[in-house]
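Remarks on the overall topology
The chain contents come next:
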Amino acid sequence: LVFFLEMEKLVACVQKKPDAVCRLICFPWAGSGTSQLAQWGKLFNDSIEVFCIRLPGRETRLEEPFAKDMTSVVNEITSVLLKQLKEKPFAFFGHSFGTYMSFAVALHLKEKYGLEPVHLFMSAAHSPNSAAYLAVKSIVLPDGHNDLLAIMEILGGNFELPHDEDVWRDTARTFKEDARLFQTFSFETTEMNVPFSCDVTYFCGSDDKIYDAKGWRELTSGDTSFYELPGDHLYLLKPCNESFLIKHITRSIENASL
């Protein structure tokens, strides 16, 4: 029962697929919850089950304090999902802040358990071995709410902000906590020269700011491919892009010869 509750807290799964061949674990962007990516569970065929990660401080975990650092996030995700990750193949999809979070989890799984995703799908983020990534990490986060736009610009690229005052305040607070979380993750390229052997696909929006993504090539011995889709930072919410992503992810997972 304890395990079930831990799982319910951490993971949103809108459609359980016990016979799925592979699980796609989705990591949302800063300031958000599981409402968008969890819905992908209905769009994939029965061979892919979707789990979306829910961090403390939002949705059903609103009463919980925000995570204090990336290590505690990684530890919670790993300990709760380890059994699932061992039982069948899995892939990761991360967008923006979610990309860094998924990378941190993947790194830990590989180092500690020798487990690796069959594919890493990364989106709208600098590769963790780039100078641009280090630059964002070292920015001093402002205290005032007005400066939040600046933080969002740094971590979030270009997108529409909520108009509702309360929604804006909550989003801003969550966003800021996620930005702080992001800054507590450090990746040293020397630790593991080429940490992964799976294929990596990187997606971004054509009207978003420019991310330095070339470095993904050095982080895996597998193939790396890059796709630019029309739209801003939240390009993945456009129905035409969403269906492209679903098709592309499905094909990539099927080709991973599970």
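Please refer to the structure placed before this passage.
From a predicted model like this one, the values you see are computed outputs, not experimental measurements.

Counting its secondary structure elements, the protein chain contains seven helices and seven strands. Overall, the protein chain shows an N-to-C arrangement of helices and strands of α-β-β-β-α-β-α-β-α-α-α-β-β-α. Computed over its C-alpha atoms, the radius of gyration of the protein chain comes to 17 Å, within 12% of the 18 Å expected for a compact globule of 258 residues. The burial tally for the protein chain puts 53% of its 258 residues in the buried class. A separation threshold of at least 6 residues defines the contact pool for the protein chain, and within that pool the share at least 24 residues apart is 79%. Within the structure as shown, the protein chain displays about 11600 Å² of accessible surface, and the carbon and sulfur contribution to it stands at 54%.

Here the focus is the pattern of salt bridges. Summed over all chains, the structure comprises 10 salt bridges. Overlapping salt bridges bring together Arg-23, Glu-49 and Glu-87 as one network.

Our focus in this paragraph is the nonpolar core. In this structure, Ile-53, Ile-77, Leu-81 and Phe-92 are the most contacted members of the largest nonpolar core, which totals 56 residues. Considering each element in turn, this core owes the most residues, nine residues, to helix 3 (residues 97-113). Beyond its immediate sequence surroundings of up to four residues, Ile-53 is in contact with Leu-10, Val-11, Ile-25, Cys-26, Phe-27, Pro-28, Thr-34, Ile-77 and Leu-81. Counting residues in each nonpolar core, the second largest holds 24 residues, with Leu-24, Phe-93, Phe-203 and Leu-229 among its members.

Let us look at the packing of helix 1 (residues 2-10) against helix 2 (residues 70-87). Relative orientation of the contacting elements helix 1 and helix 2 amounts to 115°, with a least axis distance of 10 Å. Taken as a pair, helix 1 and helix 2 cross one another with a handedness that is left-handed. Mapping the contact onto sequence places Phe-3, Glu-6, Met-7, Lys-9 and Leu-10 in helix 1 and Glu-76, Ile-77, Val-80, Leu-81 and Gln-84 in helix 2.

Further remarks concern the side chain of Thr-201. In this structure, Thr-201 sits in strand 6 (residues 199-205). For Thr-201, the side chain forms a polar contact with the side chain of His-119, separated by 2.6 Å.

With that settled, consider the sheet that holds strand 6. The strand order 1-3-2-4-5-6-7 describes an open sheet built from seven strands, whose pairing is mixed. Two strands close off the open sheet at either side, each with one partner strand: strand 1 (11-12) and strand 7 (224-229). Contacts from helix 7 (residues 239-255) reach strand 2 (22-27), strand 3 (48-53), strand 4 (90-95), strand 5 (119-123), strand 6 and strand 7, with the element oriented near 165° to strand 7.

Looking at where Phe-185 falls in the secondary structure, it is placed in the loop between helix 6 (165-183) and strand 6. According to the relative accessible area criterion, Phe-185 is buried, its value standing at 8%. C-alpha of Phe-185 to C-alpha of Thr-71: the two residues are 114 residues apart in sequence and 7.4 Å apart in space.

Moving on, we get to the packing of aromatic side chains. Across all of its chains, the model carries 14 aromatic pairs by this definition. Between Phe-27 and Phe-92 the ring centres are 4.9 Å apart and the planes differ by 70°, which places this aromatic pair in the edge-to-face class. Here the residue Phe-27 occupies a position in strand 2, and Phe-92 occupies one in strand 4, the gap between them amounting to 65 residues. You'll find Phe-27 and Phe-92 in the same group, each marked buried. In this structure an aromatic cluster arises from ring pairing among Phe-103, Phe-185, Phe-187, Phe-196 and Trp-216.

Next up on the list: the packing of helix 2 against helix 3. Packing of helix 2 against helix 3 leaves a shortest axis separation of 10 Å and a crossing angle of 60°. What the angle tells us is that helix 2 and helix 3 run oblique. For the pair helix 2 and helix 3, the crossing hand works out as right-handed. For the pair helix 2 and helix 3, the contacting residues are Met-70, Val-73, Val-74, Asn-75, Ile-77, Thr-78, Leu-82 and Leu-85 in the first and Phe-97, Tyr-100, Met-101, Ala-104, Val-105, His-108, Leu-109 and Tyr-113 in the second. Per-class residue counts for the contact of helix 2 with helix 3 are 13 nonpolar, three polar and no charged.

Reading the values: the criteria
Residues numbered from 1 in each chain as written. Predicted model: local features only at pLDDT ≥ 70, side-chain atom pairs only at ≥ 80, totals over all residues. Heavy atoms only, no water. Helix = DSSP H or I, 4+ residues; strand = E, 2+ residues; numbered from the N terminus. Rg over C-alpha atoms; globule rule 2.2 N^0.38 Å. Buried < 20%, exposed > 50% of the residue type's maximum accessible area, 1.4 Å probe, protein only. Contact = heavy atoms within 4.5 Å. Areas by Shrake-Rupley, 256 points an atom, 1.4 Å probe, with all protein chains shown as cover. Salt bridge = Lys/Arg side-chain N within 4 Å of Asp/Glu carboxyl O. Core = buried A, V, L, I, M, F, W, Y, C linked by side-chain atoms within 4.5 Å. Axes fitted to C-alpha atoms, helices over the stretch in contact; angles between N-to-C directions. Left-handed = near helix turned anticlockwise from the far one by under 90°. Polar contact = N/O pair within 3.5 Å; in protein donor to acceptor, adjacent residues only side chain to side chain. Pairing = 2+ DSSP bridges. Phe/Tyr/Trp six-rings, centres within 6.5 Å; stacked < 30°, edge-to-face > 60°. Parallel < 35°, antiparallel > 145°, perpendicular 65-115°, else oblique. Nonpolar A, V, L, I, M, F, W, Y, C, P; charged D, E, K, R; others polar.

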